[in-house]
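Geometric and topological summary
Residue strings, one per chain:
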Amino acid sequence: MKSLLLPPHPKERRVVFQNAWTQGYTPDIDCYVKHGGYAELKKALGMKPEEIIDEVKKSNLRGRGGAGFPCGVKWGFIRHDDGKPHYITCNGDESEPGTFKDRYILHNDPHQLIEGMAIAAYALNVHLAYIYIRCEFPKAAGIVAKAIEEAVAKGFLGKNIMGSGFDIEMYVHQGAGAYICGEETSLIESLEGKRPYPRIKPPYFPAVLGLYMSPTIVNNVETFCHVKQIFKIGSDEYAKMGTPGDGGTRVMCVSGDVVRPGPYEIPAGGVTLGELINDVCGGMKPGRKLKAIIPGGSSSKILRAGETFKMKVKGPDGEMVDKEVPLLDLVMDAANLAAAGTMIGSGGVIVMDDSRDMLWALNNLNQFYAHESCGQCTPCREGVLWIEKMTTRMVNGEGILQDPAILKNVADNIAGRTVCAFGEAASWPVQSFLEKFPEEFAVKSH
Amino acid sequence: MSATATTAEPKVETSVPMINVQVDGEWKQFPKGTRLIEACMKAGSYVPHYCYHPALSSPGNCRMCLIEMGTPKMGPDRKPELGEDGRPLINWSPKPAICCALEVSEGIGVRTNSPLVEECRKGVMEFLLINHPLDCPICDKAGECRLQEFSVEYGHDASRFEDNKVKKPKHVDIGERIVLDDERCILCSRCIRFMKEVAKDDVLGFVDRGSHTSLTVHPGKRLDSNYSLNTVDICPVGALTSKDFRFKMRVWFLKETKTIDTNCGTGCNILIGSRENKIHRITPRENEAVNAYWMPDSHRLNYTYNHREDRLKAPLVKGSSVRWKDAITAAGDGIKAQAGSQTAIIASGRMTNEELFLARRLAKTLVTDLIDIRPRAQKGDGFLVSDDANPNTRGARLLGATGATPGSRLPEIAAGIAGGSVTSLIVLGENPLHCGLTETDLSKLSSLVVIDILPNGATKFATVVLPGSASAEKRGSMVNVNGRLQRLNRALSAPGEARDDWETLSDLIKALGGEGASSLEDLFKQMASETSALAGLNFGKIGDLGIDLKS
Amino acid sequence: MDTHAATSSGPKQADQIPADLLANIDEAVTHYPVSKRSASLPLLHLWQNHFGFIDASGVNWIASRLDLEPINILELVTFYPWFRQEAPGKTIIRVCRTLSCALAGSYDVREKFCKAAGIDPSVSGHHHGPPVSPDGKYSVEFVECLASCGSAPVVLVNNDLHEDVTEADIPNILNQYAS
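Cut-offs applied
Residues numbered from 1 in each chain as written. Chains lettered and ligands numbered in written order. Predicted model: local features only at pLDDT ≥ 70, side-chain atom pairs only at ≥ 80, totals over all residues. Heavy atoms only, no water. Contact = heavy atoms within 4.5 Å. Buried area = accessible area lost by both parts, 1.4 Å probe. Salt bridge = Lys/Arg side-chain N within 4 Å of Asp/Glu carboxyl O. Buried < 20%, exposed > 50% of the residue type's maximum accessible area, 1.4 Å probe, protein only. Helix = DSSP H or I, 4+ residues; strand = E, 2+ residues; numbered from the N terminus. Pairing = 2+ DSSP bridges. Polar contact = N/O pair within 3.5 Å; in protein donor to acceptor, adjacent residues only side chain to side chain. Nonpolar A, V, L, I, M, F, W, Y, C, P; charged D, E, K, R; others polar.

**As for the interface of chain C and chain A**
One frequent convention defines the size of an interface as the accessible area lost when the parts assemble. Counting residues at the interface gives 42 residues for chain C and 61 residues for chain A. Interface of chain C and chain A: buried area, both sides summed, is about 4000 Å²; carbon and sulfur atoms make up 61% of it. Broken down residue by residue, the surface that chain C buries against chain A is led by F79, L99 and L103 of chain C, which jointly contribute 17%. Across the contact surface, chain C and chain A share one salt bridge. One salt bridge in this structure joins D160 of chain C and K139 of chain A, with 2.7 Å as the shortest N-O distance.

**A look at the pairing of strand 6 (residues 262–267) of chain A**
Residue and element names in this part refer to chain A. Burial of strand 6 is extensive: six of the six residues sit out of reach of the surface. In strand 6, alternate side chains face the same way, and those of G262, Y264 and I266 on one face and P263, E265 and P267 on the other are all buried. Across six bridges, the pairing between strand 5 (residues 249–256) and strand 6 is antiparallel. Within strand 6, the residue paired with R250 across the bridge is I266. Linking strand 5 back to strand 6 in an antiparallel pair, the connection comprises five residues.

**Brief notes about unusual backbone geometry**
Between P202 of chain A and the following residue, P203 of chain A, the backbone shows a cis peptide bond with an omega angle of 5 degrees. For the peptide bond that leads from A152 of chain C to P153 of chain C, omega is -5 degrees, which places it in the cis range. For L187 of chain B, which is not glycine, the phi torsion reads 60 degrees and is therefore positive. Here L187 of chain B is to be found in the loop between strand 8 (178–180) and helix 4 (190–198). The exposure class assigned to L187 of chain B is buried, which follows from its relative accessible area of 2%.

**Some details on the interface of chain C and chain B**
Every contact between the two is made by 13 residues of chain C and, on the other side, 15 residues of chain B. Taken together, the two surfaces of chain C and chain B that pack against each other cover about 1100 Å², and 57% of this comes from carbon and sulfur. Note that K221 of chain B is salt-bridged to E69 of chain C, the shortest N-O span being 3.4 Å. For the pair chain C and chain B, the interface holds seven residue pairs in polar contact (both at pLDDT 80 or more). Per element, the largest residue contribution to the side of chain C that touches chain B is seven residues, and it comes from helix 4 (residues 70–79) of chain C. Looking at side-chain class alone, the side of chain C that touches chain B contains six nonpolar, four polar and three charged residues.

Bear in mind that shape data such as this cannot, by itself, settle questions of function.
In structure tokens form, the structure reads like this:
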């Protein structure tokens, strides 16, 4: 990845990526230990589990998988001494279109992930952990499995880790090509060897009835790496890198029509959308103008060049004032993107220029969702394929006048009514493309 | 197994804590543990649903039961804020929720009839129909199909779907008794869950994914469990159909009679679906205390004997058809010609209590104690096929038609006939050749009176044959293996001149100088007054679901 | 992939399990001390890595190894597009179809790969298994997001990810796997 080969942009701060692409850095354990690896695990093993969870809470780390749930709060759901087995599972099923950060960590710095997971395992009283890696990262599975073997050999995993008396078994589990497995309860079903149908919540919240119906924490690859970094940097310092409520750095993955696409690790709220596209990524391709941005993975609602958002921002005296914020001045953190009606999600920013046809782009995403709907529940199974059939027909020039209205209504009938968040993920693009670019859909239907 | 055949008294309501739930604006109480969907329906707010079944796990996949839900609004003291009526104020969630998987919890509110709920139902209905073949005119489920039912309220008058429907396998032969149409299937997974959770034969599953997901049986395997037809019953649409019933009859023409199965001692509660005095299908009827919602295929398909051409239709004396009155007289005279103690009675564990009571009275009238039934021990399946193939051994024992070991007196009867001390035999619904007697024995008898529905190898030896009624043709009661008293109801009328067996027995007893009965209710009253286990009961009190007898 | 000779009509895979595959399967099952059923996916991967695809005997063998009903395994094989029930080409070319790659020309890339491999590009592999070149050397298919959107378009050839693929790279890539 070219961007990682370049020196960090001044807006960047490489924390989880600090070694991933450093010249001469290798994924083996000796290199990791030489760079101070497993010192944080040792530190954590000297703490009480609840102190570790408190540190994670103080760091304001939010999950990096897409939903953005505060990590420490999630961990706090686990009752340490409830007498039940607990599990952690790393979600390395990265497959939200526009998101591409896990491979670099898994390939180049696997021990960072393993250390973060070992800290979590100790904090959550977990003795069995799985790393779920999508099969489209075939090499990553081998690299991580080898890293686990090394860690066991060195006593960082296995029986009585680092003399603490605590045991951790850890294994790699490969997926088999299903976006739905990124949904944590689907991932759990997949790990149990069943059809990966997401579970209904309630009652099957993973922290209560997760893997093998026991309390389970599922975190993203990047999230576990941040855990390790919190103990290296200190939770206060770590939190300060970000904004209140969204601590630390985030890997922003920029793709599409910019000069320098790539993953950029930037403090949460550390750039505006404009800075990200024009400074960090070198702007739009020559001769092209910005048309649209999907800011947080394909499921997040699209934003249109030139639009502005009415939102409350901190005024000069510290009090909140109403302000109209132009698109490119949007600060890239969870709160601001939510205020703009979309989300930071998994950090996947897809940029499209003025040569792009929005109906074509939406149809591309609809094809993705139609292919990936697991088919368990009615609205998603039937609705998402219907949507795809409609936009495919429209792309083929056979749209009819009612199509845009029906599209919107079908998406409305899916979102919020399905077993899992896939329903929203598939509907939000439809709803937002239609809302933001109505003229492009009206023209295609006659 | 989820069918609980319990003899325990239901728990006293007050021992279960009651939970307050607001349903459509009214506060109601439900026992803790009640599923929310059941609570709504108990409160009179029907919630349409496809995948939910009370005896199966809740996958929550059909999304038809979406409702609006709210939790009690909490004050700063973390206690519920109360409204003017002293009831908790409710924080309504903006997102609809399914109510099939949740249990009631204190202070929650449910709206089952709001505009949002209606919109949700309409949305789900439309989704379910876009890829559905809409072939109701040729579908066996028509008339009792949930898609049809809910379309009436939540369907659209015209389809907005302009594209091609998904194609899936049709007419799939997935088992001995079942045909699958995948295009009709709405993927609710009821059948899969039934086979896995209840029948314990995990052969059904979904293959492929998304909109192309299809129900299938594993290649090389068959849906041949003796419970397979229950999947047809619980299929909310016409995806699974019974080969036996396929294209035979529109369901709305069927007269449904609530009765019980008599193929074994379980006494599954059933509905007999008949038209013009012909049975077209038998389906299980819900009874938590007996068979839950299920029944064995072998039992439900065993009905064709009712319609056999060779049914006994007229009374016969020495092989010639006579009037009933003459037949009874001939039977009575034949029996009276022998000493009472020389008469034996082979009764049946397939007879009703009322008939067995009269058989016992017949024995008393004749002053003989040679009465027993034919035992039918078998290897049950540990579920609904009982170890006793007789449906009413318990009743026979209770009424003195047999002893602790059914059939133990049959050798004595055989020996008596062979030795000449027994010269008269009355056979009620059994083949004496299966009860230890030989043709030689039968030919020795001076009097052989038979009440039965079909001829058998012994019929030709009978001096008098009195045509009786099959279990689908009569009223009466039976006691199942667990001591539950249940009622038979008449679905068909008996063929020809065949009569209710109790009437025949009553007439025969009168011909022999004993006391008869004027009606089944009267008969039950006489029986209850002479049988302590039935004290205080009458025929009506048994009800549709039966009652447990005190042991 | 060790063997591609087997086809769905050939000898049963379950009759030709080598010792090392058996050892790997035994090892994989130990990774799931709580429930053997969890080893379903790992066993399917090991099986497919060895045989190239999973035939009916494989489904039955794996089910029986894990004390499951065959339908439990068939449900997985048919759900996950990575698993195949037919033999693929010797070299499997997976072109990313999703938005960022499509913006960068992945539809052209797939078409060119198909043409270079001798496959009719109008045949999509989405629900019927990917098309295989007449010589059996290649199968070319579209897959959904390969999570390398920053170096689009990307192509996964067997286990190797090729980034920023242009039309000009295609002959080179095919040559790389020709031997």
